[in-house]
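Chain by chain, the residues:
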Amino acid sequence: MTVSSEYQNYPKVYVETEDTSKCEEVIIEINGKYKLTRMPIKGYKPKRIFCKKIYENIHDEVLDLESGIIKKSIIVYMPWKDKYYIVERGVRSALIEAKGYEVFFNIREGDKVKEKDKIGYVVSKKFEVRTIRSPVDGVIALISQDVTSRNKYILSVVGEEFVREIKVERED
């Protein structure tokens, strides 16, 4: 059975890097334009390179969990919208930890939220339901699962002014 990639509705994250030795798929920036390509990069001298990373546990590489600062610039692709956005390093984000027996979200990456919006629910082992609310106005930049813990997620919410939609040209 062959499944088309159009049914893969998971976000992809690309992290700015200088070490491309472990990269296969990258987004390169050339003259303010972005291009999705595969390694090795032939015929281009990119200003910046963003390497596709495994989405789970991306918070370890990208977020400072104490300060909420984004440590490396990221590009997130949202296949359900067919859109890319970029968040530059140095941006402060509000971090939300969600953990419990079961965790459910009614938001996705790229969604705008207002302070105190209901963004999800946590069910405890006693089957008590707790509401997860956004602590700030902003945009959901990342939802990352902590693979060391069964149902623990880290959400990053950044100010709308720090999220920029970009056009990414795809190679044929």
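If you're wondering where the values come from, they're calculated on a predicted model, not measured in any experiment.

1. Quick notes on the pairing of strand S4 (residues 48–53)
So, point 1. Where strand S1 (residues 12–17) lies against S4, five bridges are found, and the strand directions are antiparallel. The partner of Glu16 across the bridge, within S4, is Phe50.
So, point 2. Inspection of the sheet shows strand S2 (residues 25–30) paired to S4 by four bridges, in the antiparallel sense. Residue Ile28 lies in a different strand from S4, and its bridge partner there is Ile49.

2. A closer look at the nonpolar core
So, point 1. In this structure, Val62, Ile74, Val87 and Leu142 are the most contacted members of the largest nonpolar core, which totals 19 residues.
So, point 2. Counting only elements with at least two residues in this core, the list comes to S1, helix H1 (58–62), strand S5 (74–78), strand S6 (83–87), strand S12 (138–145) and strand S13 (152–158).
So, point 3. Leave out the neighbours within four places in its chain, and Val87 touches Ile70, Ser73, Ile74, Ala141, Val158, Phe162 and Val163.
So, point 4. Of all hydrophobic cores here, the second largest spans 14 residues; its members include Ala94, Ile96, Ile119 and Tyr153.

3. Re the pairing of S5
So, point 1. Within S5, five of the five residues are buried, which leaves the element mostly enclosed by the surrounding structure.
So, point 2. Side chains Ile74, Val76 and Met78 of S5 all project onto a buried face; the interleaved residues Ile75 and Tyr77 project onto the opposite face, where all are buried too.

4. With respect to the environment of Ile58
So, point 1. Here Ile58 shows up in helix H1.
So, point 2. Through-space distance from the C-alpha of Ile58 to that of Ile154 is 9.6 Å; in sequence the pair is 96 residues apart.
So, point 3. Aside from chain neighbours lying at most four places away, what touches Ile58 is Val13, Val15, Lys53, Leu142 and Ser144.

5. Section: the packing of aromatic side chains
So, point 1. Counted by the stated rule, this structure contains three aromatic pairs.
So, point 2. Note on Tyr101 and Phe127: the rings are 6.0 Å apart at their centroids and 75° apart in plane angle, and the pair reads as edge-to-face. You can see Tyr101 sitting in the loop between strand S7 (93–99) and strand S8 (102–105) and its partner Phe127 sitting in the loop between strand S10 (118–123) and strand S11 (129–133), a full 26 residues away along the chain.
So, point 3. Taking the ring centre of Trp80 as reference, the NZ or CZ of Arg108 above it sits at 3.7 Å.

6. Section: the layout of surface pockets
So, point 1. Space inside the second largest pocket adds up to approximately 190 Å³.
So, point 2. Taken together, Met78, Lys81, Lys83, Tyr84, Tyr85, Gly110, Lys112, Val139, Glu160, Val163, Arg164 and Glu165 make up the lining of the second largest pocket.
So, point 3. For the lining of the second largest pocket, the secondary-structure elements that each account for two or more residues are S6 and strand S14 (164–166).
So, point 4. At three residues, S6 tops the list of elements feeding residues into the lining of the second largest pocket.
So, point 5. By residue class, the composition of the lining of the second largest pocket is five nonpolar, one polar and six charged.

7. What to know about the environment of Ser149
So, point 1. For Ser149, the position within the fold is in the loop between S12 and S13.
So, point 2. Each C-alpha atom of the pair Ser149 and Gly32 lies 39 Å from the other, and the pair is 117 residues apart in sequence.

8. What to know about the sheet that holds strand S9 (residues 112–113)
So, point 1. Strand order in the open sheet formed by four strands is S7-S13-S12-S9, with antiparallel pairing between adjacent strands. The sheet is open, and its two edges are formed by S7 and S9, each paired on a single side.
So, point 2. Sheet topology note: the S9/S12 ladder contains two bridges and is antiparallel. Bridge assignment links Val113 to a residue of S12, and that residue is Gly138.

Calculation notes
Residues numbered from 1 in each chain as written. Predicted model: local features only at pLDDT ≥ 70, side-chain atom pairs only at ≥ 80, totals over all residues. Heavy atoms only, no water. Pairing = 2+ DSSP bridges. Helix = DSSP H or I, 4+ residues; strand = E, 2+ residues; numbered from the N terminus. Core = buried A, V, L, I, M, F, W, Y, C linked by side-chain atoms within 4.5 Å. Buried < 20%, exposed > 50% of the residue type's maximum accessible area, 1.4 Å probe, protein only. Contact = heavy atoms within 4.5 Å. Phe/Tyr/Trp six-rings, centres within 6.5 Å; stacked < 30°, edge-to-face > 60°. Lys NZ or Arg CZ within 6 Å of the ring centre and 35° of its normal. 1 Å grid on protein atoms, 1.4 Å probe; cavity = no way out; pocket = protein on both sides within 12 Å on 5 of 7 lines; lining within 4 Å. Points joined across faces, edges and corners; volume = space filled by probe spheres on them. Nonpolar A, V, L, I, M, F, W, Y, C, P; charged D, E, K, R; others polar.

Keep in mind these numbers describe shape, not what the thing actually does.
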